[in-house]
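# Architecture and fold: a report
Here are the chains, one letter per residue:
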Amino acid sequence: MDRAWTWEHEVPPRWLLADEYSGDLNVLSLPMALCAEIDGLFVDPEPPAAETYTLLGCDPAGSLRETLRHIGTDRAWLPRVILDPLHDPHQPPPADCHRYDRGCSCAVELMDVQVIGHRPSIFGAGLVDIDLRGHSLILPEQHWPPAQPLEGTTGFLLSDHDDQDLGRCHSTAGVFRERRPPPLHPVTLIGCQPETPLRPLLAHPSPHRRRLQVALYAVDQTGLAVPTGQALFATMTDSRASRLSEGLLDITVDGGIDEPFPVGAREIWQMWHRGRPTQPNLWAAYDRVLRHEWAGAALRHHRQERPDLPSGYTFHLDGRFVTDIEGFYCAVGEAVNGPGGYFGWNLDALADCVQGEWGAAAPFHLVWHHAEVARRHLVSGYDRPTYDQRRWGPATTLHDLLDILADGGSTVDLR
Ligand SMILES: [Zn+2]
C-alpha cells in the first residue's frame, strides 16, 4: 500500500489498521490508525483436547466393523468418521440444510478417531454401542458445531473421508455438546496514532460507532505496508495517553483477532520489518508451526509484479532441512524466489504456483539437492498440524509433491 500518512515519533510504526470493509468501493483501503505494537496479536493457541463419544445402537460396516476386532491396538483407528443425520422424511428439512450427493451440510466430522470399546446395545439385537476418542472438526467461519442434534434426526449414516460406508447408528453421546468457544484474547493497540477518520470515533458514546472493522498491515522500516492476512473486528473500549511517545495513545478493544499468530512468529515479522531476508534457510531452526508462519509471511511479502524467470530455467532446491512439509514450502519458495521467497504454502497453492506467474514460468527444471532428507521424512501416515485442524488427514508425501510439481510439465531431478 502506498504511504499516505506521516509519523513523527522515535518508535517506528509497525502495524497499520486499514478499513477495507465499510463499503466505499472508491477507497479500497482507508488508513484508520498506525501503531507501534499490538498486544494480543501473538498468542499461543491451546492445543485441542481429545473428546470421547459413543455411537449408540450402531450397526457398524467396513473399516469401523474391522476396528472392533483390534481394540487396544494401533489398528483400532480411523482417520475420519462422518456422521450424516437422517432427517425425518415427514418433516421439511432444516432451514440451513444443503443436500450433497451423499449426505447434507448438517454432517458432523470426527477426526483422528481411536475406537476404545464396544458392547451390546439396548437399541436392538445385534446392535452395539461403540466408544470413540477423537476430535470434532470445528470450522468457526462456517458454523460452530451444534450442541444438540437437529430436531427430527432419526439416526446417522456413518462414512469415512473416502466416502466408504461405515454403517449407521441410532443416536450418539458426546458428539453434540456445549463447546466452549476459544477464549477472547484482549487486544491493545500500543503507541497508536489514529488517522483522521478514526479520531472522532474514539470516545463516541455509541459502541456501534466505536466498532473497528479493519485489516492489519505490517509496516516495514521504509514505510511499506503489506497485508498480514489478519483482521480486527472489535469495539474500542478505552484509550489513554501512551507511555511510548507523547501524542500517541494506547487503545483497548474487546478482543477481535480470531486466530492470532503464535508467539514465535513475532520474530519472523520483526525480521521482515527490518527488511527482506538476504540469507537462505533462516527458517531451518524453526518447528513446523513457525515454518508455516514463515511461509505465510513470505506469501504476504511476495512481489507479484516481478516477472517470472523464463520457462526452461533450472532452480536448485536445498533439501537439507526438508524434514516436514512446511520445510518443503520454505525451501521451494527460496529455490524459486530467493531468500524469504514464496512458492506455495499448501498443496492447492503449490498446484497454482507451478502453473506460472509466481516466479517461475512453466515448465521449469528443479534440481532437489539432499532429497534423501525428504525421502526419509515426507512419508505416508496421518498428519495433525497444530495450526490448522482442517489439514488433519493423510500426510503429504514426497510422491504427492513430485506429482504436483510435474503437473505443469516441469521436471524434478532428485539428488
Ligand atoms: Zn441436513
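Placed above this text is the structure.
Residues numbered from 1 in each chain as written. Predicted model: local features only at pLDDT ≥ 70, side-chain atom pairs only at ≥ 80, totals over all residues. Heavy atoms only, no water.

For the rest of this paragraph, the subject is the packing of aromatic side chains. Tallied over the entire structure, the rule returns 15 aromatic pairs. Summarising the aromatic geometry, the rings of Trp 15 and Trp 269 are spaced 6.3 Å apart at their centres and angled 55 degrees between planes, so their arrangement reads as tilted. In this pair, Trp 15 is assigned in strand S1 (residues 15–19) and Trp 269 in helix H2 (residues 265–274), connecting sequence segments 254 residues apart. Assigned by exposure class, Trp 15 and Trp 269 land together as buried. Plain terms: the ring middles of Tyr 21 and Phe 233 are 5.0 Å apart, the flat faces sit at 55 degrees to each other, and that makes the pair tilted. Separated by 212 residues along the polypeptide, Tyr 21 in the loop between S1 and strand S2 (30–39) and Phe 233 in strand S11 (residues 225–241) bring together distant segments of the chain. The class for Tyr 21 is partly exposed, based on a relative accessible area of 37%. The rings of Trp 15, Phe 42, Phe 261 and Trp 269 are connected pair by pair, giving a single aromatic cluster. (Phe/Tyr/Trp six-rings, centres within 6.5 Å; stacked < 30°, edge-to-face > 60°. Helix = DSSP H or I, 4+ residues; strand = E, 2+ residues; numbered from the N terminus. Buried < 20%, exposed > 50% of the residue type's maximum accessible area, 1.4 Å probe, protein only.)

Right, let's get into helix H7 (residues 398–405). Of all the residues in H7, the buried ones are Leu 398, Leu 401, Ile 404 and Leu 405. Viewed along the axis of H7, the buried residues span an arc of 125 degrees, placing them on a single side of the element. For H7, exposure combined with an orientation more than 90 degrees from the buried face picks out His 399 and Asp 403. Against helix H4 (325–337), helix H5 (347–353), strand S14 (365–369), helix H6 (371–377) and strand S17 (411–414) lie the buried residues of H7. (Arc of directions from axis to C-beta. Contact = heavy atoms within 4.5 Å.)

These figures capture arrangement, not role.
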